[in-house]
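Now for the letters of each chain:
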Amino acid sequence: MCSLVFSCVTRGLGLILRLVCARMMGMESLGVMEMASGVQQLMLAPLTGGLPSAVSRLTAMEREEKCGNALWAGRRMALRRGLAMAVLCIAAAPLCALAVGDLRILPLLLLFAPALPMVSVSCAMDGASFGRGEAFAPSISECTEQVVRILLTMLFLLLLGGNLTVTGGAAVPVLAGVLGEGAGLLVMVIALRGRARKPEDERALCSRIDRMALPVISSRMGMSLLRGVTGMLLPRLLVLHGIAGQQAAAQIGCLQGMVMPLLFLPGVVTGAFAALGGPQMAARTGGALRKLSRRLVLLSLSAGAGGTAVLFWLAPLIAHRLYRQESVLPLLRFMCVCCIFLSLNHVLTSMLLGLGQNRALFARQMLSGALTLLLTVFFTVHLGIYGTGLATLLGQLSLCLLLVPQVIRALKEAG
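Scoring rules and cut-offs
- Residues numbered from 1 in each chain as written.
- Predicted model: local features only at pLDDT ≥ 70, side-chain atom pairs only at ≥ 80, totals over all residues.
- Heavy atoms only, no water.
- Core = buried A, V, L, I, M, F, W, Y, C linked by side-chain atoms within 4.5 Å.
- Buried < 20%, exposed > 50% of the residue type's maximum accessible area, 1.4 Å probe, protein only.
- Helix = DSSP H or I, 4+ residues; strand = E, 2+ residues; numbered from the N terminus.
- Contact = heavy atoms within 4.5 Å.
- Salt bridge = Lys/Arg side-chain N within 4 Å of Asp/Glu carboxyl O.
- Axes fitted to C-alpha atoms, helices over the stretch in contact; angles between N-to-C directions.
- Parallel < 35°, antiparallel > 145°, perpendicular 65-115°, else oblique.
- Left-handed = near helix turned anticlockwise from the far one by under 90°.
- Nonpolar A, V, L, I, M, F, W, Y, C, P; charged D, E, K, R; others polar.
- Polar contact = N/O pair within 3.5 Å; in protein donor to acceptor, adjacent residues only side chain to side chain.
- pLDDT = per-residue confidence, 0-100.
- Disulfide = S-S within 2.5 Å.
- Patch = residues over 30% accessible without salt bridge, like charges linked within 9 Å, V, L, I, M, F, W, Y side chains within 5 Å.
- Areas by Shrake-Rupley, 256 points an atom, 1.4 Å probe, with all protein chains shown as cover.
- Lys, Arg positive; Asp, Glu negative; His and termini not counted.
- Charge placed at Lys NZ, Arg CZ, Asp CG, Glu CD.
- Phe/Tyr/Trp six-rings, centres within 6.5 Å; stacked < 30°, edge-to-face > 60°.
- Lys NZ or Arg CZ within 6 Å of the ring centre and 35° of its normal.

1. Re the nonpolar core
In this structure, Leu116, Leu263 and Leu332 are the most contacted members of the largest nonpolar core, which totals 96 residues. Sort the elements by how many residues they give to this core and helix α4 (residues 69-100) lands first, with 13 residues. The contact partners of leucine 116, leaving out residues within four places of it in the chain, are Met43, Leu44, Leu47, Gly82, Met85, Ala86 and Cys89.

Set out below in structure tokens:
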């Protein structure tokens, strides 16, 4: 229950950070930050995917005399890979900026590079902690990271806001995020100090971790690649629609930096349902399993429908008072129904993972991601930023239609 509370708090803090950035930075700076975010997520995918889950599973299986071996090996592997990815990020930053079509993201990518080894090591240590059944330290670490990030972002923007260029404003949350990651890592280092033990055959243990991590890394890389390609194409697609580069960045900031975070607001609730219900799916059978499934689906639909109604009703207040951007109002009302699909897909994904349907889930996520990419290209060129929003809606709907039959089939197989 404690970890559940911290999970909700962390999600709430993430939303607050988004709101702070949107209010204090302006749409164009927010758009530049969002364009860089797609590349950053692609860099993070191989570090945050399979390695933490492999370390977690091995830690849970460790005998007393080998306790701490997985933590030792996983931490060293994470550090080496994080440093290698940081070097790759610095080397590839100019090419990524050219691919996106906006060189203003270049300093953001260079500034983000030091965070990669910190995130990598922190995730591996989180995995070891979860493998021991100890969720408190990772929860505190995530909350610390978010609090530091919010406070530093607000401090830097208040002190420097009037003197910052568009790129400088976009760089502030990135710098605050790097420092926040350092604070979160420090919490994990203190919490797990003295628990790592050097294994007798470190090479064999590392090979075992690699074999366990590879399937998850592949799925994460596939999804991140699709999202990254979509993010890189979006500025160019808006230009093809006839929108100038600076205005395109502002519209991206409006959609991805202002509207989309609000659509994930029910995720504070559905995240709690998923965290509790997913693991329970594996422990129940028969009528109890079906009852739990119906309850999770109804709760997610209720949260999504409630979020849709609230956002539609409060859209004028959000646009005029919170963001002070008139363009947010029609886009938010157009997109608010997406809350239902996002909430339902969140819970359906957790249910499939609990039922052991990892491969089926990955295949359907990839298919939906590819369809969303194609729809984004088509609709954005013809309809502009509203076409991007429409593609997002249809992509989430397609994922929902793909996941529901698979959940029903998995429940029948489970008895």
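2. What to know about the pattern of salt bridges
Close approach of charged atoms lets side chains of opposite charge pair. Applying the stated criterion across every chain, the model contains 4 salt bridges. In this structure, the salt-bridge partner of arginine 104 is glutamate 28, at a minimum N-O distance of 2.7 Å. Note that arginine 104 is positioned in the loop between α4 and α5 (106-112) and glutamate 28 in helix α2 (residues 27-48), a separation of 76 residues in sequence. Take arginine 104: its relative accessible area is 19%, and that puts it in the buried class. Between glutamate 181 and arginine 149 there is a salt bridge, with the nearest N and O atoms lying 3.4 Å from each other.

3. A word on the packing of α2 against α4
Running from amino to carboxyl end, α2 crosses α4 at an angle of 150°, the nearest separation of the two axes being 10 Å. Our classification of the angle between α2 and α4 gives roughly antiparallel. Viewed along their axes, α2 and α4 form a crossing whose handedness is right-handed. Contacts between α2 and α4 pair Met35, Val39, Met43, Pro46 and Leu47 from the former with Arg81, Gly82, Met85, Cys89, Ala92, Cys96 and Val100 from the latter. Taken together, the residues of the contact of α2 with α4 break down into 10 nonpolar, 1 polar and 1 charged.

4. Looking at unusual backbone geometry
Here the phi dihedral of arginine 324 falls at roughly 60°; this positive angle occurs in a residue that is not glycine. Under the relative-accessibility criterion, arginine 324 is labelled exposed at 59%.

5. Regarding the environment of threonine 380
Turning to its location among the elements, threonine 380 is positioned in helix α15 (residues 358-383). Relative accessible area serves as the criterion here: at 0%, threonine 380 is assigned to the buried category. Considered as a pair, threonine 380 and leucine 13 are 367 residues apart in the sequence and their alpha carbons are 31 Å apart. A distance of 2.6 Å separates a polar atom in the side chain of threonine 380 from the backbone oxygen of threonine 376.

6. Quick word on the confidence of the model for the protein
Reading predicted coordinates in detail is not appropriate for stretches of low pLDDT. On average, residues of the protein score 82 in pLDDT, and 90% of them are at 70 or above. Within the protein, no element has a lower average pLDDT than helix α11 (residues 267-283), which sits at 65, and none a higher one than α5, at 93.

7. Some details on the state of the cysteines
By definition, a disulfide is the covalent link that joins the sulfur atoms of two cysteine residues. This model, assessed by the stated rule, comprises 0 disulfides. Cysteine 336 takes part in no disulfide bond, and the closest cysteine sulfur, belonging to cysteine 339, lies 6.8 Å away. Since its relative accessible area comes to 4%, cysteine 336 is described here as buried.

8. Quick word on a positive patch on the surface
On the surface, Arg290, Lys291, Arg294 and Arg295 cluster together into a positively charged patch. Along the polypeptide, arginine 294 turns up in helix α12 (residues 286-323).

9. Quick notes on the packing of aromatic side chains
Using the criterion set out here, one finds 2 aromatic pairs in the structure. Between phenylalanine 334 and tyrosine 386 the ring centres are 5.6 Å apart and the planes differ by 65°, which places this aromatic pair in the edge-to-face class. With phenylalanine 334 in helix α13 (residues 328-335) and tyrosine 386 in helix α16 (residues 385-413), this pair connects stretches of sequence that are 52 residues apart. Relative accessible area serves as the criterion here: at 33%, phenylalanine 334 is assigned to the partly exposed category. Ring geometry for phenylalanine 378 against phenylalanine 379: centres 5.2 Å apart, planes inclined by 75°, an arrangement best described as edge-to-face. Sitting above the plane of the phenylalanine 312 ring, arginine 333 keeps its charged end 4.5 Å from the centroid.

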